[in-house]
Amino acid sequence: MKLNIGFDDTDSPRGGCTTYIAALLVERLHELGASFLDYPGLIRLNPNVPWKTRGNGALCLRIECKESLLDEIRECVIQAIEENADLEYKGTDPGIVFLYGDVPNEIRDFSRRAITGLVSMDETLSLIKKYHAEAIGFKRGRGIIGGLAAIGEELKDDYTYELLAYRVPENRGTKRKIDAESVIRMDKELGSLVFNNFDYEEGRVLITPHGPDPVLYGIRGETAEAVRRGHELVISREPIERWVIFRTNQGTDAHLVRASTISEIKPYNPVRVKGVVSEKPRTIHGGHVIFKIKDETGEVDCAAYEPTGVLRKIAKKLIVGDVVEVYGGVRPPSSGNPLTINAEKIRILKLAPDLIYRNPRCPICGKRMKSMGRGKGFECKKCGFHGRDLKKIASERPRKLKLGLYITSPRSQRHLTKPLVRYGQEKNGPPEFLGKTIPYEMISGR
Ligand code: ZN
């Protein structure tokens, strides 16, 4: 019997973590006698939905078990959510979905839309009914949407892995004790097999979160072996309760859908879109840079928000006429601001010549002339020569910008943002193990 278990929205800013519940369940379901058909799925949903949970990650476990075990397994999942979700927190509305057998195409499509746009509770519930899935919602039960979306994303195209190591309960909420040198060594040894571990610009470890959640660190990479090796290389000065390897859509740009024209851009639907810079970038309060791009169908604002990173510096150097492709989430118009793309990446496709116009030199004495007003020519203050037909002289300033792709610094990248190091490493098919079971020891340990 094949069972897909999806769940979401169990955490709150005060602590807890939906991945941790998945980690506990991996162990419990293994003990009950279930086998795993995949690594646990950590599916990041559209980061631009207005009601997103922290990180907006939903979880899915795909197992095979005897039919006689089903009741016990369902009970075990419900109990784990009840015990570990932050149910008292307003806005934490957990949901669980059980789907038997293979994932129908319609649920795959639903999932795709939950990652790239908006889906409603109504359509979630009608799919659950249509495919005889079961849903359990706590409080408002919003997590049911993410639960079903996690089930529908089987990661058959591009995907990555993340190994999450968890802290023992008594250490949660305290400063994490990780040897930074060992993180750098691990990053160097594994090279492009791992990503976003260390910020060399700021000298900062990126594998550790900062909140009160139970995660000690997360190592992101291309293969399960690489993240496992990374875990062996990182030195922790505090005990690790357990670790689990997740298969995930992190670092794949799965949320960005190419819009062929600017008029296609819709609020809350992350895009990548081409346009010509149509207004000189301006820096607003807080140091953010705003510029406009247009095509024959319309114009849209683009914002480079990150306070210190590369993207803002690049955006500042754009000039009218540059051809760019902007990638990012779309914010609806609000309080005087128009529809805006929050840029995660900018690809510079063509640089316009940066022309400056200067007054001509006097043909008699060589002195730079003064304008006599629009259309009235120029006069020389030194020798008195009047040149009625003289025009301003254009000269081209060198551009301090190169063509290419620019991405927000790793420290401000979203979970879904594909980092530079992953370009060229994209997968375009399901992993080899799909269809077999994966030994528990490869998924989780202590
Ligand atoms: Zn002169």
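All values reported here derive from a predicted model rather than from experimental measurement. Every chain's residues receive numbers from 1 upward, in the order its sequence appears when written. Predicted model: local features are reported for residues with pLDDT of at least 70 only, side-chain atom pairs are reported and counted for 80 or more only, and whole-chain, interface and lining totals are derived from all residues. The basis for every side-chain value is the complete set of heavy atoms in the structure, and neither hydrogens nor water enter the calculation.

### As for the packing of aromatic side chains
Aromatic pairs are defined between Phe, Tyr and Trp rings, using the six-membered ring for Trp, whenever the two ring centres lie within 6.5 Å; interplanar angles under 30 degrees are classed as stacked, those over 60 as edge-to-face, and all others as tilted. Applying the stated rule across the entire model yields 5 aromatic pairs. Plain terms: the ring middles of Tyr-159 and Tyr-161 are 5.8 Å apart, the flat faces sit at 80 degrees to each other, and that makes the pair edge-to-face. Each member of the pair, Tyr-159 as well as Tyr-161, is classed as buried. Among the aromatic residues, ring-to-ring pairing joins Tyr-39, Tyr-159, Tyr-161 and Phe-433 into one connected group. Against the face of Tyr-20 rests Arg-172, its NZ or CZ located 4.6 Å from the ring centre. In this analysis the charged atom, NZ for Lys or CZ for Arg, is taken to sit over a ring once it is within 6 Å of the ring centre and within 35 degrees of the ring normal. The ring of Tyr-159 is capped by Arg-247, whose NZ or CZ atom sits 4.6 Å from the centre of that ring. Relative accessibility decides the category of a residue: with a 1.4 Å probe and only protein chains considered, values under 20% of the type maximum give buried, values over 50% give exposed, and everything between is partly exposed.

### Regarding helix α5 (residues 143-152)
In an α-helix there are 3.6 residues to a turn, and that puts residues three or four apart on one side. Here a strand is any run of E in DSSP of at least two residues, a helix any run of H or I of at least four, and the numbering for each starts at the N terminus. α5 sits mainly inside the fold: 10 of its 10 residues count as buried. The complete set of buried residues in α5 reads Gly-143, Ile-144, Ile-145, Gly-146, Gly-147, Leu-148, Ala-149, Ala-150, Ile-151 and Gly-152.

### So, the domain arrangement of the chain
The source of the domain bounds is an automatic or database domain assignment. Here the chain is partitioned into domain 1 (2-251 + 425-445), domain 2 (257-351 + 399-415) and domain 3 (354-397). Distance between the C-alpha centres of domain 1 and domain 3: 68 Å.

### Points about the nonpolar core
One finds Ile-5, Phe-7, Leu-29, Ile-73, Ile-96 and Tyr-217 to be the most contacted residues of the largest nonpolar core, which totals 87 residues. Core analysis: the second largest hydrophobic core is formed by 25 residues, Ala-304, Val-324, Val-330 and Leu-401 among them. To qualify as a nonpolar core, a set must consist of buried Ala, Val, Leu, Ile, Met, Phe, Trp, Tyr and Cys residues joined through side-chain atoms within 4.5 Å.

### Thoughts on the packing of helix α3 (residues 105-116) against helix α4 (residues 121-130)
Helix packing for two helices is described by the angle between their axes and how far apart those axes are. Contact geometry for α3 and α4: axes closest at 11 Å, N-to-C directions at 160 degrees. Taken together, the axis directions place α3 and α4 in an arrangement best described as roughly antiparallel. As α3 packs across α4, the resulting crossing turns out to be left-handed. Across from Glu-106, Ile-107, Phe-110 and Arg-113 in α3, the residues of α4 making contact are Glu-123, Thr-124, Leu-127 and Lys-130. Gly falls in the polar group here, along with every residue not listed as nonpolar (Ala, Val, Leu, Ile, Met, Phe, Trp, Tyr, Cys, Pro) or charged (Asp, Glu, Lys, Arg). Of the residues belonging to the contact of α3 with α4, the class tally is 3 nonpolar, 1 polar and 4 charged. Axes, fitted as lines to C-alpha atoms, cover a helix only where it is in contact. Angles between the N-to-C directions of the axes lie from 0 to 180 degrees. What sets the label is the angle itself: under 35 degrees gives roughly parallel, over 145 gives roughly antiparallel, 65 to 115 gives roughly perpendicular, and the rest give oblique. By the definition used in this description, the sense in which the near helix is turned from the far one sets the handedness, with an anticlockwise turn below a right angle giving left-handed and a clockwise turn giving right-handed. Contact between two residues is taken to exist if any of their heavy atoms lie within 4.5 Å; hydrogens are not considered.

### Let's talk about the state of the cysteines
In what follows, a disulfide is any cysteine sulfur pair within 2.5 Å. On inspection of all chains with the given rule, the structure shows 0 disulfides. Here Cys-17 is not disulfide-linked; the sulfur of Cys-60 is the nearest cysteine sulfur, at 16 Å. With no disulfide of its own, Cys-76 lies closest to Cys-65 among cysteine sulfurs, the gap being 11 Å. When its relative accessible area of 11% is taken as the criterion, Cys-76 is described as buried.

### Concerning the pairing of strand β17 (residues 323-331)
With 7 of its 9 residues buried, β17 lies for the most part within the structure. For two strands to pair, DSSP has to find at least two bridges joining them. Bridge count for strand β14 (residues 271-283) against β17 is 6 bridges, and the pairing is antiparallel. Residue pairing for β17: Arg-272 is matched across the bridge by Tyr-327. Pairing of β17 with strand β18 (residues 340-350) involves 9 bridges; the strand directions are antiparallel. Bridge assignment links Arg-331 to a residue of β18, and that residue is Thr-340.

### A short note on the environment of Glu-154
The residue Glu-154 is located in the loop between α5 and β7 (160-167) in this model. C-alpha separation for the pair Glu-154 and Cys-60, spaced 94 residues apart in sequence, amounts to 9.3 Å. Excluding residues within four positions of it along the chain, Glu-154 makes contact with Arg-62, Val-103, Arg-108 and Arg-247. At 2.9 Å, the side chain of Glu-154 and the side chain of Arg-108 are in polar contact. Polar contacts here mean pairs of N or O atoms no more than 3.5 Å apart (in protein, one a potential hydrogen donor and the other a potential acceptor; neighbouring residues in sequence count only if both atoms are side-chain atoms).

### Thoughts on the pattern of salt bridges
By salt bridge we mean one thing: a side-chain nitrogen of Lys or Arg within 4 Å of a carboxyl oxygen of Asp or Glu. For the structure shown, the criterion picks out 37 salt bridges. Among the salt bridges present, the one from Glu-241 reaches Arg-242, with a minimum N-O distance of 2.8 Å. In this structure, Arg-397 and Asp-354 form a salt bridge, with 3.4 Å as the shortest nitrogen-oxygen distance. With Arg-397 in strand β23 (residues 393-397) and Asp-354 in strand β19 (residues 354-358), this pair connects stretches of sequence that are 43 residues apart. A relative accessible area of 41% places Arg-397 in the partly exposed class. Taking the relative accessible area as the measure of exposure, Asp-354 reaches 15% and is therefore buried. A network of salt bridges, in which partner residues are shared, links Glu-27, Arg-172, Glu-241, Arg-242 and Arg-446.

### Overview of the coordination of the zinc ion
At 2.3 Å from the zinc ion lie its protein donor atoms, namely Cys-362 (SG), Cys-365 (SG), Cys-380 (SG) and Cys-383 (SG). Sites may look incomplete because water is not among the atoms; the donors themselves are N, O and S atoms within 2.8 Å of the metal, or within 3.2 Å for Na, K and Ca. Every geometry call rests on angle ranges, with four donors termed tetrahedral when all angles are between 85 and 135 degrees, four termed square planar and six termed octahedral when opposite donors are over 155 degrees apart and all others are between 65 and 115, and everything else termed irregular. In this structure, the zinc ion is coordinated by 4 donor atoms arranged in tetrahedral fashion, with angles at the metal of 100 to 122 degrees. Classification of Cys-365 by relative accessible area gives partly exposed; the value is 31%. Judged by relative accessible area, which is 40%, Cys-383 ranks as partly exposed.

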